[in-house]
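# Residue-level structure breakdown
Spelled out from the first residue to the last, the chains are:
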Amino acid sequence: MLDFNCFFVGVDVGTSSVRAAVVDNKGEIKSSASAEIKIWEPRPGFYEQSSENIWACCCEVVKKVIKNIDKKYIKGIGFDATCSLVALDANFQPISVSPSGSNEQNVVMWMDHRAHAQTQRINATHHDVLKYVGGSMSLEMEPPKLLWLKENLPETWAKAGHFFDLPDYMTYKATGSTTRSLCSLVCKWAYQADNDGKNQWDESFMKQIGLEELLLNDFAKIGNVVLSPGKPVGNGLSTSAASDLGLHPGIPVGCSIIDAHAGGIGMLGLTEQQEKITNKLAIISGTSSCHMAVSEAALFVPGVWGPYYSAMVPGYWLNEGGQSASGKLIDFVIETHRAYDELKMKSAKRNIHVHDFLNELLLSMAINQKLQSPASLTADLHVWPDFHGNRSPLADPTLKGMISGLALSSSIESLALLYLATIQAIALGTKHIIESMEKAGHSFSSVFSCGGLSKNKLFVQVHADVTGLPVMLPKECDSVLVGAAILGACASSQFKDVQDAMKNMCKVGSIVEPVKSNMSYYKKKYAVFKKMVQDQKEYQSVMESISI
């Protein structure tokens, strides 16, 4: 029975910060807080964190958000996190994943690309499990990283007692239970599950790729008790974790989920328009972008992860496309431009975000040039956005970023144009992913957007114009935190299941319609976009034929 005087805590461990929120049973965020996480980059392409630092940040932000709320009304807590790899010894103490040897650095981040060679060898096996990751495994997944640790840090490998995906580490710290989430395992660990009852590790895959040690003791190091997201974990919040977080012991803890997937369940319940959940595409855009779509039957999309059974919404198959750098790419383009200091100064003077300043500048430039829309300012400026490789739909980590049309200008106007062309390129990448998904059997009537970039009006409008689909924005722009809270709500039995919680806690805020007059322009930009990657591959072919 629904208790109207109750709240849930949602915790989101993102790339660079931990956030927490108190959310009521209508999906309204009552308070929120964030804390920055330490990141180490010991070598190019290596990104590391500390699990103890992450948990400390979690405790800090949870205590802040519950400060003015009677703890007896907090009925559940849920966690989401990036799909990063946590290494612990047999006593659950941190052990190093770093060339530095520091045990503090015991987390290989999701965006770490050190395991390129291991990924290539895994994909060369052509094992059957690979068809569930779009045909080839990404170097952002856990098996390549585990294999890298075995081959490059033998001391760590010998001492390792437990490997967790970061979302599962958070529920371990909260409950003391080593239960794993079906979401984490099927999406990032090659765990097998389907609608016929399969729910298991594939021993032949582990042996073939050289991780046979992980089979010992019934897979104890990587998990042998698996739950669906939102199911209650262990006996709820442990006494020690309750003390750390400032909550009552025993509060139900929902089985965790990956951060982007939390955004999916925090949005796909929106019911402003009567459309099937299978016709909705959820885009969660922050440091990177994830494109989440569910289907009633398993759909295999080349270069797109999945299909994963019950990884996000129970009973549905999930496909997950993505872009390894979106917000990070926009920041890079802005911050490395010579006019960045001028932009910061002018934005600060007006007390507005740099994105808002650039958006206004682009509109002014279009008016001065008597253009109908700022979109056409980039008719001779084009970007291919894979500065950190291509996750989907080409699944090629070797691809690089490209810019065509630069001039001898370092003005703030030239920065604005490059910023616009970059946003357009990210949106064109989304169209590329949608095209691949629809070719495999998906059909989309709308896009649902959340994450930091969904607060950028230009970013959202360009995505609507490029895809030709309306973009739905949730009432609570922090849908990832709502999604995490939904897990706690499910564990508390306030709702009968995840879908019921989504229906009650997800609310539409606004709808951004595509500007029809821009669509023919973007059709031409898309043709250039696809030609750019063909050209890059031709360049690679030419250079490969040269021996020095």
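In case you missed it, the structure is sitting above this.
As a starting point, this report considers the structure included with it. (Residues numbered from 1 in each chain as written. Predicted model: local features only at pLDDT ≥ 70, side-chain atom pairs only at ≥ 80, totals over all residues. Heavy atoms only, no water.)

Turning our attention to the layout of surface pockets. Considering only enclosed or pocket space, the second largest pocket measures out at about 380 Å³ in volume. Elements with a contribution of two residues or more to the lining of the second largest pocket: helix H13 (354-368), helix H14 (412-439), helix H15 (457-467) and helix H18 (516-544). (1 Å grid on protein atoms, 1.4 Å probe; cavity = no way out; pocket = protein on both sides within 12 Å on 5 of 7 lines; lining within 4 Å. Points joined across faces, edges and corners; volume = space filled by probe spheres on them. Helix = DSSP H or I, 4+ residues; strand = E, 2+ residues; numbered from the N terminus.)

Now for the side chain of threonine 422. As for its position among the elements, threonine 422 is in helix H14. Assessed through its relative accessible area of 2%, threonine 422 is described here as buried. Among the polar contacts made by the side chain of threonine 422, one reaches the main-chain carbonyl oxygen of leucine 418 at a distance of 2.7 Å. What threonine 422 contacts, discounting residues up to four positions off in sequence, is Leu329, Ile330, Val333 and Val383. (Buried < 20%, exposed > 50% of the residue type's maximum accessible area, 1.4 Å probe, protein only. Polar contact = N/O pair within 3.5 Å; in protein donor to acceptor, adjacent residues only side chain to side chain. Contact = heavy atoms within 4.5 Å.)

Checked against the element boundaries, alanine 158 lands in helix H4 (residues 154-159). Sequence separation between alanine 158 and aspartate 89 is 69 residues; the distance between their C-alpha atoms is 9.1 Å.

This next bit is on a nonpolar patch on the surface. A surface patch of nonpolar side chains, about 370 Å² in accessible area, is lined by Phe332, Phe387, Ile403 and Leu406. One can find phenylalanine 387 in the loop between strand E18 (382-384) and strand E19 (402-404). (Patch = residues over 30% accessible without salt bridge, like charges linked within 9 Å, V, L, I, M, F, W, Y side chains within 5 Å. Areas by Shrake-Rupley, 256 points an atom, 1.4 Å probe, with all protein chains shown as cover. Salt bridge = Lys/Arg side-chain N within 4 Å of Asp/Glu carboxyl O.)

A general tendency of soluble globular proteins is for nonpolar side chains to be buried together. In terms of nonpolar packing, the biggest core is built from 88 residues, with Phe163, Ile265, Tyr308, Met312, Ile486 and Met502 touching the most fellow members. Filtering out sequence-adjacent residues up to four positions away, isoleucine 486 remains in contact with Ile265, Gly266, Ala501, Met502, Met505 and Cys506. In terms of nonpolar packing, the next biggest core, distinct from the first, is built from 45 residues, Leu329, Val354, Ala366 and Ile423 among them. (Core = buried A, V, L, I, M, F, W, Y, C linked by side-chain atoms within 4.5 Å.)

The 7 strands are arranged E16-E17-E15-E14-E20-E21-E22 in an open sheet whose pairing can be described as mixed. The open sheet has two edge strands, strand E16 (305-309) and strand E22 (508-512), and neither has a second partner. Recorded for the sheet is a direction-independent mean angle of 25° between the axes of neighbouring strands. Pairing of E16 with strand E17 (residues 317-323), which is carried by 3 bridges, proceeds in the antiparallel orientation. Bridge assignment links tyrosine 308 to a residue of E17, and that residue is leucine 318. In the packing of H14 onto the sheet, the strands contacted are strand E14 (280-285), strand E15 (289-295) and E17, and the crossing angle to E17 comes to about 150°. Contacting E14, strand E21 (471-474) and E22, H15 runs over the sheet at an angle of about 145° to E21. (Pairing = 2+ DSSP bridges. Axes fitted to C-alpha atoms, helices over the stretch in contact; angles between N-to-C directions.)

Another point: the sheet that holds strand E4 (residues 48-49). What the 4 strands build is an open sheet, ordered E4-E7-E6-E8; its pairing is antiparallel. One side of each edge strand has no neighbouring strand; the edge strands of this open sheet are E4 and strand E8 (160-165). Bridge count between strand E6 (residues 85-89) and strand E7 (residues 107-108): 2 bridges; the pairing is antiparallel. Bridge pairing in E7 places valine 86 opposite valine 107. The sheet contacts of helix H3 (residues 142-152) involve E6, E7 and E8, and relative to E6 the element is tilted by about 40°.

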